[in-house]
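Topology and contacts: notes
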Amino acid sequence: MKIHAQKTLVEGKWLQDCVVTVEDGVIVSIQPGNQGDVSVPILTPGLFDKHHHGGVGFDATSPDKALCEVWLKMLLSHGVTNILYTLGTGPIEKTRKAVAFAAWIMAEQAEGRLPGARVMGVHLEGPFINPIRKGAMNDAYILPPTMENYQALVGEHGDIIRAITMAPEMPGAFELAEQLSALGVKVQAGHTDATYACMAEAVKHGFAGLTRFVDVMRTEPTIQDKADAKPLSNVKGAIAVENVSFAYDGDLDVLHDVSLQVAPGETIAIVGPSGG
C-alpha cells in the first residue's frame, strides 16, 4: 500500500507531500510524491500514552482479560500504539495483582496473542504521595516511600516498572528516588506540595519529570519560591511533563512565570490528558 500524506512527521521533522510505502505491515520507504492508494492530510508515527488508567469499561486496577482486549483494540484504532499501564494509589495486594496482570499482557503480546496497543510497562501513580494533594486518590492507601513498600507493590515484576509518581517532600522520597533511578525507573513528581527549593533539590536525587503539571500540586508560590525561582539548569536528559491541566481552582496567574528550559538537544515532552 502507498499512502500519500500532505504532511508527514519523520524523526521529529515535518515533511511535505510524501508517499509512505507499506508492505506486509512494515514501512519500507518514505519518498517525495503526491500519488498513493489513499491520501491523508497528516501522517505521524503511532502515539505513546505514558499515563493511561483504562477506558471503555476496563479499569487497570481491576484486571479483566476480555475487557482488556477491547480496551487495547480501541486505543490502537485511535492511533495509540504504545502505553504505560498506569495504576493509581490502592491496596497493596490489589496493586500487586494489577502489576502481575500487566506482566501477563506483555508476555501475551510478545507471543502475538493479544492484539491492540502494546503495553510497554507500568507507571505507578502513587502510593508515595502527599495526602493534602491526593486528588482522587484514596488516602487510606498512601504509604511512606520506602524500598520495602515498593517491593511489596511490585512483587516479582519489578523489571516492568518504567515510571513512578511520588511527592518529593515526603520523608524518604529522595532516598527511594535514588534507588529507583538506579534501577532505570523514571521518577516523577506529582500529587505534591513541594516548594521550588524542594523541587530543585529533588532533581539532584533522581526526580526527572512532573505528573499532572499544575494539578494536585502547589499552585500558590511563597515569597521564598519567587525569590529562589530560576531555571533548573542541572536537569539532565528529557523532562516529561505529563497531563498538563488548567481545570483547577488555583490562580492561573501562577502560569505567567512558568519557564521550562533544557539544553540544546534535550527535550520536554508535554502529554495531554489520557482516556484514564
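Everything that follows concerns the structure shown earlier in this document.
Residues numbered from 1 in each chain as written. Predicted model: local features only at pLDDT ≥ 70, side-chain atom pairs only at ≥ 80, totals over all residues. Heavy atoms only, no water.

1. Points about the overall build of the protein
For the protein, the count of helices and strands is 6 helices and 14 strands. Looking at the protein as a whole, 41% of its 276 residues are labelled buried. Within the protein, residue pairs in contact and separated by at least 24 positions form 67% of the contacts whose partners lie at least 6 positions apart. Counting only carbon and sulfur atoms, one obtains 56% of the accessible surface of the protein, whose full area is about 14400 Å². (Helix = DSSP H or I, 4+ residues; strand = E, 2+ residues; numbered from the N terminus. Buried < 20%, exposed > 50% of the residue type's maximum accessible area, 1.4 Å probe, protein only. Contact = heavy atoms within 4.5 Å. Areas by Shrake-Rupley, 256 points an atom, 1.4 Å probe, with all protein chains shown as cover.)

2. So, the pattern of salt bridges
Oppositely charged side chains may form a pair once their charged atoms are brought near each other. Evaluation of the coordinates by the stated rule reveals 6 salt bridges. One salt bridge in this structure joins K73 and E69, with 3.1 Å as the shortest N-O distance. Linking K73 with E69, this pair stays in helix 1 (residues 65-77), spanning 4 residues, or about one helical turn. The salt bridge partner of D193 is R133, with a shortest N-O separation of 2.8 Å. With D193 in the loop between strand 11 (186-189) and helix 5 (196-204) and R133 in the loop between strand 9 (118-125) and helix 3 (147-154), the pair connects residues that are 60 residues apart, well separated along the chain. (Salt bridge = Lys/Arg side-chain N within 4 Å of Asp/Glu carboxyl O.)

3. Side note on the nonpolar core
Within the largest apolar cluster, 44 residues are counted, with the highest numbers of intra-cluster contacts made by L72, Y85, L124, Y150, I161 and I164. Among the elements that line this core, the one with the most residues is helix 2 (residues 92-110), at 7 residues. (Core = buried A, V, L, I, M, F, W, Y, C linked by side-chain atoms within 4.5 Å.)

4. Thoughts on unusual backbone geometry
At the junction of G126 and P127, the peptide bond is cis and its omega measures out at 10° in the coordinates. With respect to the helices, strands and loops of the structure, P127 is situated in the loop between strand 9 and helix 3. At H191, a position not held by glycine, the phi torsion is positive, near 50°. H191 gets classed as buried once you look at its relative accessible area, which sits at 3%.

5. Section: the packing of aromatic side chains
Inspection of every chain in the model, using the stated rule, returns 6 aromatic pairs. Pairing F101 with W104 gives two aromatic rings, centres 5.4 Å apart and planes at 25°, and the pair type is stacked. Placement of both F101 and W104 in helix 2 is noted, with a separation of 3 residues, approximately one turn of the helix. Exposure remark for W104: the relative accessible area of 26% places this residue in the partly exposed category. Ring pairing ties together the aromatic residues F58, W71, Y85, F101 and W104, which thus form one cluster. The positively charged end of K7 is found above the aromatic ring belonging to W14, 4.7 Å away from the centroid. (Phe/Tyr/Trp six-rings, centres within 6.5 Å; stacked < 30°, edge-to-face > 60°. Lys NZ or Arg CZ within 6 Å of the ring centre and 35° of its normal.)

6. A few points about the environment of A140
Positionally, A140 belongs in the loop between strand 9 and helix 3. Its relative accessible area of 56% is what places A140 among the exposed residues. Residues A140 and P127, spaced 13 residues apart in sequence, show a C-alpha to C-alpha distance of 9.9 Å.

7. Remarks on helix 2
Its 19 residues give helix 2 an end-to-end C-alpha distance of 27 Å, which sits within 8% of 27 Å, the value for a rise of 1.5 Å per residue. Of all the residues in helix 2, the buried ones are T95, A98, V99, F101, A102, A103, I105, M106, E108 and Q109. Looking at the buried side of helix 2, the elements it contacts are strand 7 (58-59), helix 1, strand 8 (80-87), strand 9, helix 3 and strand 10 (161-166). Note on helix 2: the residue one or two positions beyond its end, G112, has a positive phi of about 75°. (Expected span 1.5 Å × (residues − 1).)

8. A short note on the sheet that holds strand 1 (residues 2-10)
Read across the sheet, 4 strands follow the order 3-2-1-4 without closing on themselves; strand pairing throughout is mixed. With one partner strand each, in any of the chains shown, strand 3 (26-32) and strand 4 (38-43) form the two edges of the open sheet. Across the sheet, the mean angle from the axis of one strand to that of its neighbour is 30°, orientation sign disregarded. One ladder, built from 5 bridges, connects strand 1 with strand 4; its direction is parallel. For A5, the partnering residue across the bridge sits in strand 4 and is V40. (Pairing = 2+ DSSP bridges. Axes fitted to C-alpha atoms, helices over the stretch in contact; angles between N-to-C directions.)

On their own, these measurements won't tell you what the molecule is for.
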